[in-house]
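The lines below spell out each chain.
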Amino acid sequence: MKEVKETQNLSNRDLIDLTVQFVKKSLQGAESGHDWWHIERVWHNAILLSKTEDVDYFIVELAALLHDIADSKFHNGDEEVGPKKAGDFLKSIGIEGSQIIHIQQIIRNMSFKSSLETLSFTSKEMEVVQDADRLDAIGAIGIARAFTYGGFKNRELYNPEILPALNMSKEEYKTSTAPTINHFYEKLLLLKDKMNTKTGIRIAEGRHQFMLSYLEQFYNEWNGKQ
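The shown structure was predicted, so the numbers you read here are calculated from the model rather than taken from an experiment. (Residues numbered from 1 in each chain as written. Predicted model: local features only at pLDDT ≥ 70, side-chain atom pairs only at ≥ 80, totals over all residues. Heavy atoms only, no water.)

(A) Main features of the overall build of the protein chain. Along the backbone of the protein chain there are eleven helices and zero strands. Counting helices and strands in the order they occur from the N terminus, the protein chain gives α-α-α-α-α-α-α-α-α-α-α. Over its C-alpha trace the protein chain gives a radius of gyration of 18 Å, about what one expects of a compact globule, namely 17 Å for 226 residues. Seen through its principal axes, the protein chain has C-alpha atoms that stretch 65 × 35 × 30 Å. If you take every contact in the protein chain between residues at least 6 apart in sequence, the share linking residues at least 24 apart comes to 66%. Total accessible area on the protein chain is roughly 11800 Å²; 51% of this is exposed by carbon and sulfur atoms. Taken as two groups, the 27 positive and 33 negative side-chain charges of the protein chain have centres that lie 2 Å from each other. (Helix = DSSP H or I, 4+ residues; strand = E, 2+ residues; numbered from the N terminus. Rg over C-alpha atoms; globule rule 2.2 N^0.38 Å. Contact = heavy atoms within 4.5 Å. Areas by Shrake-Rupley, 256 points an atom, 1.4 Å probe, with all protein chains shown as cover. Lys, Arg positive; Asp, Glu negative; His and termini not counted. Charge placed at Lys NZ, Arg CZ, Asp CG, Glu CD.)

Shown next as structure tokens:
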């Protein structure tokens, strides 16, 4: 309660600044595809997308900053670690209960794997943060992040004998150990058609085309064509 009393008179911008500090500290040493710089990019994307959407900016910023505070893939698949850690922090700085619940629901439901089953929640704010996160998963940075995570998990770059698994269930997706190139077909190339916002759709188109060009070059090099 002491910490709440100390922060209850702070402005929204002060509370955002406190959240930034908390996230930076929490993600020190994180895998580089899911580190502070990923969070910062998603945060900036979310601010950009919010400009043309009717949303609560404060909720969007807090959810963007906290969306990967404890990604389940780094916590034995436990999908409640992130929402709980975010909720505990938000409560400690005096955020209202209804706002905390909204942010936790965004964190629970915004991931690609969550879209593989029926969602239990959605909101305009979640759509913005979801698009912001998906934009960071495609294009040049998305490619870099995919191979970074693949290296982190010691996965093959590509194996022509292992075909992409399309139409996976959520559990199949979570336990996949396929080569990184397969991830393009199993997720990254699907994101363009899953965008929610007008600005997100426009940006995703260009990044999608970049990935297609990259794959063409990858296969040419793999097969010794150029």
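Picking up after the structure, the text goes on.
(B) Molecular detail of helix α4 (residues 57-66). Within α4, nine of the ten residues are buried, which leaves the element mostly enclosed by the surrounding structure. Along α4, the positions that sit buried rather than exposed are Phe58, Ile59, Val60, Glu61, Leu62, Ala63, Ala64, Leu65 and Leu66. One side-chain oxygen at the N-terminal end of α4 lies 3.0 Å from the backbone nitrogen of Phe58; it belongs to Asp56. (Buried < 20%, exposed > 50% of the residue type's maximum accessible area, 1.4 Å probe, protein only. Polar contact = N/O pair within 3.5 Å; in protein donor to acceptor, adjacent residues only side chain to side chain.)

(C) View of the packing of aromatic side chains. In total, this model carries 13 aromatic pairs according to the counting rule given. Look at Phe22 and Phe89: their rings are 4.1 Å apart centre to centre, the planes differ by 5°, and that puts the pair in the stacked class. Pair noted here: Phe22 is in helix α2 (residues 12-26) and Phe89 is in helix α5 (residues 81-92), with a separation of 67 residues, a long-range link. (Phe/Tyr/Trp six-rings, centres within 6.5 Å; stacked < 30°, edge-to-face > 60°.)

(D) Molecular detail of the packing of helix α8 (residues 139-152) against helix α11 (residues 198-222). Two elements in contact, α8 and α11, have axes whose closest approach is 8 Å; the angle formed by their N-to-C orientations is 55°. When the axis of α8 is compared with that of α11, the two are oblique. Here Gly139, Ala140, Ile143 and Phe147 of α8 lie close against α11, whose contacting residues are Arg207, Phe210, Met211 and Tyr214. Tallied by class, the residues present in the contact of α8 with α11 amount to six nonpolar, one polar and one charged. (Axes fitted to C-alpha atoms, helices over the stretch in contact; angles between N-to-C directions. Parallel < 35°, antiparallel > 145°, perpendicular 65-115°, else oblique. Nonpolar A, V, L, I, M, F, W, Y, C, P; charged D, E, K, R; others polar.)

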